[in-house]
Amino acid sequence: QWYQRRVRHPPEQWPQLVSLIWISIPFSAVLGSCLTLLWVLVLESPDLPHYSAGCVVFAVCAVMELLAEPPHVYLLNKHFVRSPIIVEAVASLLQTLITVAVAHYSSSLIPFIIGAVIYSVLYVIVYWLIYRMKKSKDDQIFYQLSKISVSPDHASLTVSFLKQTVLKQVLTMGEDYVMTFFSVVTFAQQGVFSTVSRLAAIVIRVGFKHVEDSYYLFFAQMLRRGLPSDQQGRDALKTCKETLGNLLRFNALFGLVVTVYGISYARLALLIYGGEGLADSDGPWLLQWHCPYIAVCGINGVSECFYFATMSQLEVENYNLKLLLSQPVSYSSQSLSLTYSEQWASSWLILGTWLSASSLA
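These figures come from a predicted structure and were not determined experimentally. (Residues numbered from 1 in each chain as written. Predicted model: local features only at pLDDT ≥ 70, side-chain atom pairs only at ≥ 80, totals over all residues. Heavy atoms only, no water.)

J.: When you look at the overall build of the protein chain in this model, what are you seeing that I'm missing?
T.: The helix and strand tally for the protein chain stands at 14 helices and zero strands. Listing the helices and strands of the protein chain from first to last along the sequence gives α-α-α-α-α-α-α-α-α-α-α-α-α-α. Burial statistics for the protein chain: of 361 residues in total, 44% are counted as buried. A separation of at least 24 residues holds for 78% of the contacts in the protein chain among residues at least 6 apart in sequence. Accessible surface, the protein chain: about 18900 Å² in total, of which carbon and sulfur atoms supply 66%. (Helix = DSSP H or I, 4+ residues; strand = E, 2+ residues; numbered from the N terminus. Buried < 20%, exposed > 50% of the residue type's maximum accessible area, 1.4 Å probe, protein only. Contact = heavy atoms within 4.5 Å. Areas by Shrake-Rupley, 256 points an atom, 1.4 Å probe, with all protein chains shown as cover.)

J.: Explain the pattern of salt bridges to me, please; I cannot follow it from the model alone.
T.: Between side chains of opposite charge, a pair can form when the charged atoms approach closely. With the rule as written, the count across this model stands at one salt bridge. Of the charged contacts, one joins Arg267 and Asp280 as a salt bridge, the two residues approaching to 2.6 Å between their closest N and O atoms. Pair noted here: Arg267 is in helix α10 (residues 266-274) and Asp280 is in the loop between α11 (276-279) and α12 (283-310), with a separation of 13 residues, a long-range link. (Salt bridge = Lys/Arg side-chain N within 4 Å of Asp/Glu carboxyl O.)

J.: Would you mind going over the packing of helix α9 (residues 234-264) against α12 with me for this structure?
T.: Helix packing for two helices is described by the angle between their axes and how far apart those axes are. One can describe the packing of α9 onto α12 by two numbers: an axis separation of 8 Å at closest approach and a directional angle of 170 degrees. Judged on the interaxial angle alone, α12 and α9 are roughly antiparallel. From α9, Leu244, Leu247, Leu248, Asn251, Ala252, Gly255, Leu256, Val258, Thr259, Gly262 and Ile263 reach across to α12, where they touch Gln288, Cys291, Pro292, Ile294, Ala295, Gly298, Ile299, Val302, Ser303 and Phe306. Looking at side-chain class alone, the contact of α9 with α12 contains 14 nonpolar, seven polar and no charged residues. (Axes fitted to C-alpha atoms, helices over the stretch in contact; angles between N-to-C directions. Parallel < 35°, antiparallel > 145°, perpendicular 65-115°, else oblique. Nonpolar A, V, L, I, M, F, W, Y, C, P; charged D, E, K, R; others polar.)

J.: Where do I start with the confidence of the model for the protein chain in this structure?
T.: Keep in mind that low pLDDT regions are not for reading the predicted coordinates in detail. Per-chain confidence: the protein chain averages 76 in pLDDT, with 75% of residues scoring 70 or above. Per-element confidence in the protein chain is highest for helix α2 (residues 51-65), whose mean pLDDT is 90, and lowest for helix α14 (residues 342-360), whose mean pLDDT is 57. (pLDDT = per-residue confidence, 0-100.)

J.: I'm lost on helix α4 (residues 82-103) in this one. Help?
T.: Along an α-helix, residues three or four apart share an orientation, since each turn contains 3.6 residues. In this model α4 runs 32 Å from its N-terminal to its C-terminal C-alpha over 22 residues, within 8% of the 32 Å that 1.5 Å per residue would give. Of all the residues in α4, the buried ones are Ser83, Pro84, Val87, Glu88, Ala91 and Thr99. Angularly, the buried residues of α4 cover 120 degrees about the axis, an arc narrow enough to put them on a single face. Residues Arg82, Leu93 and Leu97 are exposed on α4 and point more than 90 degrees away from its buried face. For α4, the secondary structure elements touched by its buried residues are α3 (69-77), α5 (110-134) and α8 (187-222). (Expected span 1.5 Å × (residues − 1). Arc of directions from axis to C-beta.)

J.: In this structure, what is going on with the environment of Ser83? I would like to understand it.
T.: Note on placement: Ser83 falls in helix α4. Placed eleven residues apart in sequence, Ser83 and His72 show a C-alpha to C-alpha distance of 8.4 Å. Look past the residues within four positions of Ser83 in its chain and what remains in contact with it is Leu75 and Ile130.

J.: When you look at the nonpolar core in this model, what are you seeing that I'm missing?
T.: Within the largest apolar cluster, 19 residues are counted, with the highest numbers of intra-cluster contacts made by Tyr216, Phe219 and Phe308. For this core, the secondary structure elements donating two or more residues are α8, α9, α12 and α13 (313-335). If you look at the next biggest cluster of nonpolar residues, it comprises 18 residues, including Val87, Tyr119, Val124 and Tyr127. (Core = buried A, V, L, I, M, F, W, Y, C linked by side-chain atoms within 4.5 Å.)

J.: Teacher, can you tell me more about the side chain of Thr99 here?
T.: Inspection of the secondary structure puts Thr99 in helix α4. Note on Thr99: relative accessible area 14%, which makes it buried. Apart from residues lying up to four places away in sequence, Thr99 is in contact with Pro111, Phe112 and Gly115.

J.: It is not clear to me how the packing of aromatic side chains should be interpreted in this structure. Could you clarify?
T.: In this description, an aromatic ring pair is defined by two values, namely the gap between the centres and the angle between the planes. One pass over the structure, following the stated rule, counts twelve aromatic pairs. Ring centres of Phe208 and Phe254 lie 5.4 Å apart, and the angle between their planes is 85 degrees; on these two criteria the pair is classed as edge-to-face. Residue Phe208 is located in helix α8, and its partner Phe254 is located in helix α9; the two are separated by 46 residues in the primary sequence. Owing to a relative accessible area of 0%, Phe208 belongs among the buried residues under this scheme. Relative accessible area serves as the criterion here: at 29%, Phe254 is assigned to the partly exposed category. These aromatic residues form a ring-pair network of at least three members: Tyr215, Phe218, Phe219, Phe306 and Tyr307. (Phe/Tyr/Trp six-rings, centres within 6.5 Å; stacked < 30°, edge-to-face > 60°.)

Written as structure tokens, this is what we have:
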């Protein structure tokens, strides 16, 4: 996401932006190889067939999906904000259908591996097809792979956003890292936790993600990055202020509705989603703890989409420092899980995450 934050570019700067995108592919391949070796050779592996193959395939799929970033950034630049929604909807729907179909004949990781490959392939193909349909005759820069040129300004801001992305990833996914590296809970409990987290993530992705992406483009077009408020246009500043206030109110109300009804109907939701096995486990308890986190994510996401559209490089660095200082809040809360029962262990993992997110919101 580092270069997506620099999506507002005049046409003459697109070659430098595209250079950053293509450079990220070998970088991600090296990082994915190192993490795959860590997961397969160092960390404890569950007793599942094809686990090592699954780790390799998921890493390859992550690198493969970066091939879709040039058309993705192009479509955002041209304000085709519905295209990413169409791509994700088509790829996710076919992935789910194929995974369910294959799962009838195999109970191992094979259905999920095949589903991940299908999603990545469709993700790349559909993005490039939409790009071919939407592009103008002069927009051939994405094919000029041999012309790599990066300006110092783009490189420095990209590094700042890279650090911010890494810090935020460690912060928001802290509970997964704690469970993986310190074996706080069993593999079965990790499965329940991951299933509940993915269910909660659906609400965040459907309710907040695309709204944030669209209004990030809006704020980036209305305001100039790095300029103080007295140097911005008065009409644009007034419009952005009213829009930001309305977004915050809407997301806050939506998050409160999800929290109130989510806590009350957590078991029913999991019974419909995963059956009695999931509903009779610690799943309802974990989903109830996720509900306040969803409300916090709604406010935090809108605030960040405004900040990232207007922050200068120095402000990005200051934000990175705040992320770094908020990590002890998260991991200190999560470390308390070692002293509680198994049920409270997972709850503290969630609590640490949404406390840190609240400090940033």
